[in-house]
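Given next are the chains, with one letter for each unit.
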Amino acid sequence: MNANPTAPTLNNCFVIVDDVDATLAFYRDAVGLEVRQDVSQGDFRWLTFTPPGQPDIEIVIQDYKAFGIPMSEADQQAVADLMAKGILSSLVFEVPDVDALFEKVSASGAEVIQEPTDQFYGVRDCAFRDPAGNMIRFKTPLAQGAEA
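Describing the environment of P116
Inference 1: Examined against the element boundaries, P116 turns out to sit in strand β6 (residues 111–118).
Inference 2: C-alpha separation for the pair P116 and T140, spaced 24 residues apart in sequence, amounts to 9.7 Å.
Inference 3: The contact partners of P116, leaving out residues within four places of it in the chain, are V98, D99, F102, R124, D125 and C126.

Laid out in structure tokens, this is it:
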């Protein structure tokens, strides 16, 4: 526990999707996150995942069509359009070997946005879209003194 009583710690982040089952397979099987919860109540369903070794962080996956906010059909279409462009939600994970992770996620059939690339800001990273279109990036810090 943090000794500073006013220092925040991250507990939950939310990603909206249009197909909870497809997303479950992607984050569990391709990415390697651990399923913490799979909760349903009527049409409302959400999943929570934790990264291995980070049990205090939960990534909440929920269906945008049933996440408790009444929306017109036009609003639902606007959300779907933005989600498909990867604008609404994104996650960035650090991994020990971005190239190995790229091969694993690519083998799942995930849409590749960017193959592993050394970046001028000190990481080697790659990017995919999850089944809903959200951008998911993976990075590995470059060794100090390495050039992009």
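Here's the deal with the sheet that holds strand β4 (residues 58–63)
Inference 1: A sheet is described by the order of its strands in space; here four strands give the open sequence β1-β4-β3-β2, paired in mixed fashion. Two strands close off the open sheet at either side, each with one partner strand: β1 (12–17) and β2 (34–41). Sheet twist, expressed as the mean angle between neighbouring strand axes with direction ignored, is 20°.
Inference 2: Each of β1, β2, β3 (44–50) and β4 is contacted by helix α1 (residues 20–31), which is oriented at about 5° to β3, the strand it contacts most.

With respect to the sheet that holds strand β7 (residues 123–129)
Inference 1: With mixed pairing, four strands are arranged side by side in an open sheet as β5-β8-β7-β6. With one partner strand each, in any of the chains shown, β5 (90–94) and β6 form the two edges of the open sheet. Each strand axis lies, on average, 15° off the axis of its neighbour in the sheet, ignoring direction.
Inference 2: With five bridges joining them, β5 and strand β8 (residues 135–141) adopt parallel strand pairing. The partner of S90 across the bridge, within β8, is M135.

Quick notes on helix α3 (residues 98–107)
Inference 1: All of the buried residues along α3 are V98, L101, F102 and V105. Along α3, the residues classed as buried sweep out an arc of 105° about the axis, all on the same side. Of the exposed residues in α3, the ones pointing more than 90 degrees away from its buried face are E103 and A107.
Inference 2: Those residues of α3 hidden inside the fold are in contact with α1, β6, β7 and β8.
Inference 3: One side-chain oxygen at the N-terminal end of α3 lies 3.1 Å from the backbone nitrogen of D99; it belongs to D97.
Inference 4: Count one or two residues on from α3 and you reach G109, which has phi positive near 90°.

Concerning helix α2 (residues 73–84)
Inference 1: The end-to-end C-alpha distance of α2 is 16 Å, a good match for the 16 Å that twelve residues give at a rise of 1.5 Å each.
Inference 2: Where α2 is concerned, the buried positions are V79, A80 and M83. Down the axis of α2, the smallest arc covering the buried residues is 100°, so these residues share one side.
Inference 3: Positioned one or two residues after α2, G86 has a phi angle of 80°, which is positive.

Quick word on the pairing of β4
Inference 1: For β4, the tally of buried residues reaches six of six residues, placing the bulk of the element in the interior.
Inference 2: Across the two faces of β4 the burial is the same, with E58, V60 and Q62 and I59, I61 and D63 all buried.
Inference 3: Of the pairings in the sheet, the one linking β1 to β4 comprises six bridges and is parallel in character. Each residue of the ladder has a partner; that of V17, found in β4, is D63.
Inference 4: Judged from the four bridges that link them, β3 and β4 form a sheet pairing that is antiparallel. Bridging from a neighbouring strand, F49 pairs with I59 of β4.

Calculation rules
- Residues numbered from 1 in each chain as written.
- Predicted model: local features only at pLDDT ≥ 70, side-chain atom pairs only at ≥ 80, totals over all residues.
- Heavy atoms only, no water.
- Helix = DSSP H or I, 4+ residues; strand = E, 2+ residues; numbered from the N terminus.
- Contact = heavy atoms within 4.5 Å.
- Pairing = 2+ DSSP bridges.
- Axes fitted to C-alpha atoms, helices over the stretch in contact; angles between N-to-C directions.
- Buried < 20%, exposed > 50% of the residue type's maximum accessible area, 1.4 Å probe, protein only.
- Arc of directions from axis to C-beta.
- Polar contact = N/O pair within 3.5 Å; in protein donor to acceptor, adjacent residues only side chain to side chain.
- Expected span 1.5 Å × (residues − 1).

Just distances and angles here, no functional claims.
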